[in-house]
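Structural characterization, general
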Amino acid sequence: MPRITLPDGSVRQYDRPVTAARLAADIGPRLAAAALGVRINGELRDLNTLIQEDAQASIVTPTDRSGATDPDAVYLLRHSCAHIMAEAIQALRPGVQLVYGPPVDNGFFYDLSVPHERPLSTDDFEEIEKRMAAIVTQDRPFTRYEMPVKEGLEKLRAEGSKYKIDNADRAIAQGADRLSFYVTGEPGKDWEDLCRGPHVPSTGRIAAFKVMSLASSFWHGDATSDRLTRVYGIAFATPKELAEHRRMLAESRKRDHRRLGRQLELFAFDEDVGPGLVLWTPAGAVIRRELEEFIRGELLRQGYQMVYTPHIGKLSLFKTSGHYPYYRDKQYPPIVDADQIQSLARQGVSCAELADRLQQGDIDGYLLKPMNCPHHVKIYASRHHSYRDLPVRLAEFGTVYRWEQSGEIGGLTRVRGLTQDDAHLFCTEDQIPAELKACLALVKIIFTTLGLTDYRVRIGLRDPASEKYVGDAGLWKKAEQACREAARSLDVRVDEEPGEAAFYGPKIDFMINDVIGREWQLGTIQVDYSLPERFDLTYTGPDNQPHRPVMIHRAPFGSMERFVGMLIEHFAGAFPTWLAPEQVRVLPISDKSTGYARSVLATLHDRQIRATMDDGHSRIQAKIKVAADWKIPYMLVVGPSDQQATAVSVRARGIQQNLGSLELGAFAESITAEITSRGRATVISEHFAAAKI
RNA sequence: GCCACCGUAGCUCAGCUGGUAGAGCACACCCUUGGUAAGGGUGAGGUCACGGGUUCGAGUCCCGUCGGUGGCUCCA
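Below you will find a few notes about this structure. (Residues numbered from 1 in each chain as written. Chains lettered and ligands numbered in written order. Predicted model: local features only at pLDDT ≥ 70, side-chain atom pairs only at ≥ 80, totals over all residues. Heavy atoms only, no water.)

Side note on unusual backbone geometry
Note: most residues except glycine have negative phi, and most peptide bonds are trans. The condition is simple: Going along the chain from the N terminus, every DSSP run of H or I of four or more residues is numbered as a helix, and every run of E of two or more is numbered as a strand. Relative accessible area decides the class of each residue, using a 1.4 Å probe on protein chains only: under 20% of the type maximum gives buried, over 50% gives exposed, and in between gives partly exposed.
A cis geometry characterises the amide bond from glycine 197 onward to proline 198, with omega recorded as -5°. Of the consecutive residues leucine 390 and proline 391, the connecting peptide bond is found in the cis state with omega at -5°. Checked against the element boundaries, proline 391 lands in the loop between helix H13 (373–381) and strand S21 (392–401). Of note, the phi angle at aspartate 491 is positive, near 65°, even though the residue is not glycine. Taking relative accessible area as the criterion, aspartate 491 reaches 67% and is therefore assigned exposed.

Some points on the packing of helix H5 (residues 149–159) against helix H6 (residues 162–173)
The following threshold applies: Only the contacting stretch of a helix is used when fitting its axis, a line to C-alpha atoms as for every element, and angles between N-to-C directions run 0 to 180 degrees. Convention used here: angles under 35 degrees read as roughly parallel, angles over 145 as roughly antiparallel, angles from 65 to 115 as roughly perpendicular, and any remaining angle as oblique. Two helices crossing with the near one rotated counterclockwise from the far one by less than a right angle form a left-handed crossing, whereas a clockwise rotation gives a right-handed crossing. In this analysis, two residues are considered to be in contact whenever any of their non-hydrogen atoms come within 4.5 Å of each other. Here the term charged refers only to Asp, Glu, Lys and Arg, the term nonpolar to Ala, Val, Leu, Ile, Met, Phe, Trp, Tyr, Cys and Pro, and the term polar to all other amino acids, Gly among them.
The N-to-C vectors of H5 and H6 enclose an angle of 165°; their axes lie 9 Å apart at closest approach. As far as their axial angle goes, H6 and H5 are roughly antiparallel. Once H5 is placed against H6, the crossing between them reads as left-handed. Contacts between H5 and H6 involve Val149, Leu153, Leu156 and Arg157 from the former and Lys164, Ile165, Ala168, Asp169 and Ile172 from the latter. A breakdown of the residues in the contact of H5 with H6 according to their chemical character gives 6 nonpolar, no polar and 3 charged.

Brief notes about the packing of helix H14 (residues 432–449) against helix H15 (residues 473–488)
Closest axis-to-axis distance for the H14/H15 pair is 9 Å, and the angle between their directions is 35°. For the pair H14 and H15, the sense of crossing is right-handed. Contacts between H14 and H15 involve Ile432, Pro433, Leu436, Lys437 and Leu440 from the former and Ala482, Cys483, Glu485, Ala486 and Ala487 from the latter. A class-by-class count of the residues in the contact of H14 with H15 yields 8 nonpolar, no polar and 2 charged.

As for the protein's contact with RNA strand B
What counts, and what does not: One heavy atom within 4 Å of a molecule or strand makes the whole residue count as near it. Think of a polar contact as two N or O atoms within 3.5 Å of one another; within protein, one of them needs to be a possible hydrogen donor and the other a possible acceptor, and neighboring residues in sequence only count if both atoms come from side chains.
The full set close to RNA strand B counts 56 residues, and Tyr100, Gln174, Arg227, Arg262 and Ser406 are the nearest of them. A distance of 3.2 Å separates a base oxygen of RNA strand B from a polar side-chain atom of serine 590. Of all the secondary structure elements, the ones that give two or more residues to the surface near RNA strand B are H6, strand S12 (178–184), strand S14 (208–218), strand S15 (227–236), helix H8 (257–263), helix H19 (620–629), helix H20 (640–644) and strand S33 (647–652). By residue number, the principal contributor to the surface near RNA strand B is H19, which donates 7 residues. Class assignment for the residues of the surface near RNA strand B results in 19 nonpolar, 21 polar and 16 charged.

Remarks on the nonpolar core
What counts, and what does not: By convention a nonpolar core is built from buried Ala, Val, Leu, Ile, Met, Phe, Trp, Tyr and Cys residues, the set being connected through side-chain atoms within 4.5 Å.
Core analysis: the largest hydrophobic core is formed by 93 residues, its most contacted members being Leu291, Leu450, Phe563, Val584, Leu604 and Phe667. Considering every element that reaches this core, the biggest residue donor is H14, with 8 residues. Setting aside residues no more than four positions away along its own chain, phenylalanine 563 makes contact with Leu291, Ile446, Phe447, Leu450, Leu452, Leu522 and Phe557. Ranked by size, the runner-up nonpolar core spans 36 residues in total, among them Leu98, Leu112, Leu120 and Ile206.

Observations regarding the environment of valine 349
Relative to the elements of secondary structure, valine 349 occurs in the loop between helix H11 (338–346) and helix H12 (351–360). Its relative accessible area of 14% is what places valine 349 among the buried residues. Once you skip the residues sitting within four places of it in the chain, valine 349 turns out to touch Leu344, Leu354 and Arg357.

A short note on helix H9 (residues 282–301)
Residues separated by three or four positions in an α-helix point in the same direction, a consequence of the helix having 3.6 residues per turn. Rules: Working rule for helices: expected span equals 1.5 Å times residues minus one.
In a regular helix each residue adds 1.5 Å, so 20 residues correspond to 28 Å; H9 covers 28 Å between its end C-alpha atoms and thus fits that length. All buried positions along H9 are accounted for by Ala283, Gly284, Val286, Ile287, Arg288, Glu290, Leu291, Glu292, Phe294, Ile295, Glu298 and Leu299. Looking one or two residues past H9, glycine 303 carries a phi angle of roughly 85°, positive in sign.

Section: the sheet that holds strand S24 (residues 493–498)
Operational definition: Note on pairing: DSSP must find at least two bridges between two strands before they are called paired.
With respect to topology, 8 strands assemble into an open sheet ordered S18-S21-S22-S29-S26-S25-S23-S24, the strand pairing being mixed. In this open sheet, the two strands that pair with only one neighbour each are strand S18 (305–306) and S24. Each of strand S23 (455–461), S24, strand S25 (507–513) and strand S26 (519–528) is contacted by H15, which is oriented at about 175° to S23, the strand it contacts most. Along the sheet, helix H17 (residues 560–571) makes contact with S21, strand S22 (417–427), S25 and S26, crossing S26 at roughly 150°.

Digging into the state of the cysteines
A covalent bond between the sulfur atoms of two cysteines is referred to as a disulfide. To keep things clear, this is the line we draw: Two cysteine sulfurs form a disulfide in these notes if their separation is within 2.5 Å.
With the rule as written, the count across this model stands at 0 disulfides. Between cysteine 195, a cysteine without a disulfide, and cysteine 81, which holds the nearest cysteine sulfur, the sulfur-to-sulfur distance is 13 Å. Assessed through its relative accessible area of 8%, cysteine 195 is described here as buried.

A closer look at the pairing of strand S7 (residues 55–60)
Look at any regular strand and the pattern is simple: side chains alternate between the two faces of the sheet. Most of S7 is tucked away: 5 of the 6 residues are buried. Direction of pairing for strand S1 (residues 3–5) relative to S7: parallel, over a ladder of 2 bridges. Within S7, the residue paired with isoleucine 4 across the bridge is alanine 55. Direction of pairing for strand S4 (residues 37–40) relative to S7: antiparallel, over a ladder of 4 bridges. Paired with glycine 37 across the two strands is valine 60, which belongs to S7.

This is a description of form; function is not addressed.
What follows is the structure, encoded as structure tokens:
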């Protein structure tokens, strides 16, 4: 006779098994009406699950008491909506086979096998949605029934659904002893799907949904396996939430760095240059240069030494490092001398053989470097090192080239030529912890300055069961511990992921959330026991014997491309003054004031402030509008009265009013302070604090 | 790489089922000399991504190439 403990600690006693739906109804009619499912002892289940024994139960509703959305409710809604969508698609398209349809972070999808004579297209969405709406209106119950494994498999075999049989097999391999099916309505009559569940009580509970997009996928994510069609959708408990979601999507589109990049002329791509190869236009180059200077300043403070290395290197270098041919399909093909090929051809080497030998790297040539480490290693090796020299910290904004798959390329986030904020630390085993900590301190300074406070750290540890790792297990343990301790010094969330280490050492990755909550993977810090070995690097220890240094690779911001891309979206193109490509625009009221405007400009240029003047013939309103579109931090409106007072009328980005007049020298000084302090003191905080909205 | 979608002026886009190219912004010039989020006029600007095909005729239909966008498991 179940005693059911509710979340508030109260207990309900029943003299017979009771469904969660009944329980909800007994607690209150409003709860019953809102209920989508139940957590029994923490496990999410259908609302009509029979509770037979004493249990902790909590009814799942779209929002909890505090009004926060319940992730379990979202899960139920979306998983259920995936079924409704699949039913709609199958009804419209006989011959479509179901594969797999889970809820995901941003909605749900259903993978389908669609006969290729007639693929699905976005034009079909309207009809699919219409059909789904009908299913929702019918408010059919989600009905679960179960079968023993054997019977269930027979049923699936009889239905001839290869993918569902596979799903069942996997479930069985996971230890399932029964298979469950969900019918949208009445068993034997309505649409059904092999499914683990749970689901909402009935289709009518999906208050708002939308079919979002179409993509292709592979069965089990395996490119050699069947091609599937993936249809994405989203569902919410209320139309309001759907509207909010779509508003967020629109906002993201507005912030999209590719869009802003073109609008603000920050960077460009050109077909003739090649996909994934960034052209940094003057405005974007300013942002990158300012960031690099900022980072460089901190590096020098930490005892790094800046170096420069070539963009290419001999194939043999990368064979020694192990990058070739291991990462061959991620690299641009080697640069090989035509004479060499010709002479081989004269010796009777066939084209096929030539191609093969090229692939294998058997023909001498040069490689566009996919990584900077081999070059840095060679700088280390260019002289003898004593233990007294260590750590040696070599840093370079090093440009590398990688042959990303064509489908992976996009904007600044995934490119084929990128510049890493790279450095390699050569140190002793004992120095690892301090070096890691210093790396993280650097990250903290830079993130804090940029207002990037929402980030987490992921530590990749070795999988003790695997053999693929190089280096001594004891060393690994120590290095992993050092990563942990260093990560902890940041005061942010740290996730440990066994098996995610590189084969040559543990690593720390940085994941950052921008202001609209999207997560970006930036850079990484990796401990490496392998490369010093491969290049036979040494230092002389206090014992006068050669020792092997340990390397730390670190590019905490990843690449300048991705970092700037992330920042564009983070700031929505409105960069802080020190980063802004154009910091000030001087706007003369009329031609009568262009002379004075020019002298204002000269004053600002003297201070190396990036300022321009709009001396067009349009009215001041129009000039302000245009400057605002360019997201310029400060506008200085100048007319006869300003000239009289050697002053400027200040207008700041985001504040839709004239802040007032400021003496020109005072403005120049104040904005200089804003720039050099990287925004700690601003023109507004110093002069117009009261006017701030 | 694979699948769907997209590619028209520098940018954002319109162009009905095939009949020979259009707007706004930006740009140039002219009028206006205007004090805080777009004054007015005139003009220049296109091999409709590229190549082929179907057709009397292709921006539009078909095939291919190039480029872009969304995606390619978070275990039924």
